[in-house]
Each structure stands twice: as C-alpha cells, then as structure tokens.
Protein chains: 2
Amino acid sequence: MQFPEKHIFVCVHQRDANAPQASCANSGGGEIRARLKERLLEKGLHKTYRVNTAGCLGKCGCGPTLVIYPAGIWYGRVTLNDVDEIIKKSILDNEVIERLDLKK
Amino acid sequence: MQFPEKHIFVCVHQRDANAPQASCANSGGGEIRARLKERLLEKGLHKTYRVNTAGCLGKCGCGPTLVIYPAGIWYGRVTLNDVDEIIKKSILDNEVIERLDLKK
C-alpha cells in the first residue's frame, strides 16, 4: 500500500451564500483543488503528492485555504494563478511562499 | 491565528451503495469523526487537536480510514470502540496502535 509523501488538503466547505461566515467553496476552493490535482496528474506525481478534499479548516475569513502536511504549511487567499508556484516551491520543495502564509 | 498541533482527517466519502468500491461513509466514517470531535471537545482539546472532514483518502478497501498529521499515522477499519484509545495513545501521545495501522 502506497502512502503519499506529501498530502495537500484543500478546503471546499460550502456554506449558504447568505451565511454570516465566508466559506472556501464560495471563493474558489473547488477550482484550486481541481487545478492542483490536474497539474500533479500531468506530472505523474499525483500518488506521491496527494491532493485531498477537506471540510472546513477553520480559517474561514482567509479562503480559499489549504494545508500541506507533514510540513504544516498553511495558505490562504489562494488563487488559480498561485497553483504552479505552490507546486514548484512548496510541494516539490519545502519553501513557504510568504504572501500566502497564514502563519506569518 | 491558532493552528492545531495535530490534525486528524477522517474520510467521510460517500459512494452510491451499489458502487463497486467501498466508501468510508457507508462503513461509519461520519460516526467516527463525530465521536472524535465530541471527545476532544469534552476535554477542551478540540483546538489543539483538530478533527477534520476529509474526502476520499484513497484506502477504500480499509474503511473507515483516518490519518493523523504531522506524524502521518494511517488507520483503517476503525470502530467507535477504538476512538478513546486513538485519543489516548495516538493523539495525546504519538504511539501507533498496531492493529489499526495501515502501514504495517
């Protein structure tokens, strides 16, 4: 049985559009997840680096959010334009992209 | 902003009851997730050790499955009776429970 070296959880939590709290599905979480999966699949790296659907990650004001384990890199306000850089710097390498870093 | 020291992702992926592959929702993943959350909340540890909904973790024949990060402990065929032991041994401590370990 194969286990991923890195595991990327992307919040796709959906709240009602009128809910007081934001939710990542409404700000593009599903699209971020799909793009990450697609890019890693193209590179044949989708088993080494698994992209996973996640429920609410608890950082609702900063969506779309994701977390990369085991490093514990937390990103917020991710856009589709960030996906290739996330793969290159934070998944293939372990570099934290400062502008997306929720821990800074 | 607070980040969990440990992050437990429980698969609650739902497939149609007639689908060829099993799915964790059909074998009790939702109940495992709920019990873990409830127990950690009772102990006031729900922010230190966050329990999260996850989509398919890719170990569909071994459900219900969960993974604990950053340690990368993978468990399968988890039952409600295992929850207190998982909290005590693998969340509060870092011990791997051999009978649940998918990596062994």
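Structure first, text after, so check above.
Now for a description of the structure that goes with this document. (Residues numbered from 1 in each chain as written. Chains lettered and ligands numbered in written order. Predicted model: local features only at pLDDT ≥ 70, side-chain atom pairs only at ≥ 80, totals over all residues. Heavy atoms only, no water.)

A word on the relation of the copies chain A and chain B
Inference 1: Of the transformation superimposing chain A on chain B, the axial component is 0.0 Å and the angular component is 180 degrees, with the fit at an RMSD of 0.0 Å. Expressed as an axis order, the relation between the two copies is that of a two-fold axis. (Least-squares fit on C-alpha atoms with pLDDT ≥ 70 in both.)

Regarding helix α1 (residues 29-42) of chain A
All names here are of chain A.
Inference 1: Taking 1.5 Å per residue as the helical rise, α1 with its 14 residues ought to reach 20 Å, and the 20 Å between its terminal C-alpha atoms agrees with that figure.
Inference 2: Structurally, α1 contributes buried residues whose contacts are with β1 (6-11), β2 (49-54), β3 (66-69) and α2 (83-91).
Inference 3: Positive phi shows up at Gly44, right after α1, with a value of about 70 degrees. (Helix = DSSP H or I, 4+ residues; strand = E, 2+ residues; numbered from the N terminus. Expected span 1.5 Å × (residues − 1). Contact = heavy atoms within 4.5 Å.)

Comments concerning the nonpolar core
Inference 1: Counting 22 residues, the largest nonpolar core has Phe9(A) and Phe9(B) as its most contacted members.
Inference 2: Sorting the residues of this core by element identifies β1 and β3 of chain A together with β1 (6-11) and β3 (66-69) of chain B as the ones contributing at least two each. (Core = buried A, V, L, I, M, F, W, Y, C linked by side-chain atoms within 4.5 Å. Buried < 20%, exposed > 50% of the residue type's maximum accessible area, 1.4 Å probe, protein only.)

What about the packing of aromatic side chains?
Inference 1: Enumeration over the complete set of coordinates arrives at 6 aromatic pairs over all chains.
Inference 2: On the numbers, 6.1 Å between centres and 65 degrees between planes, the contact of Phe9(A) with Tyr69(B) is edge-to-face. Placement of Phe9(A) in strand β1 and of Tyr69(B) in strand β3 is noted, with the two residues assigned to different chains. An identical accessibility class is assigned to Phe9(A) and Tyr69(B); each is buried.
Inference 3: Both rings, one in Tyr69(A) and one in Tyr69(B), keep their centres 5.1 Å apart while their planes meet at 10 degrees; by these two values the pair is stacked. A residue pair is termed interchain when its members come from two chains, as with Tyr69(A) in strand β3 and Tyr69(B) in strand β3. Here the two residues Tyr69(A) and Tyr69(B) agree in accessibility, since each one is buried.
Inference 4: Clustering of aromatic rings is evident, with ring pairs tying together Phe9(A), Tyr69(A), Phe9(B) and Tyr69(B).
Inference 5: The aromatic ring of Phe3(B) is capped on one face by Lys103(A), whose charged end is 5.6 Å from the ring centroid.
Inference 6: The positively charged end of Lys59(B) is found above the aromatic ring belonging to Trp74(B), 5.5 Å away from the centroid. (Phe/Tyr/Trp six-rings, centres within 6.5 Å; stacked < 30°, edge-to-face > 60°. Lys NZ or Arg CZ within 6 Å of the ring centre and 35° of its normal.)

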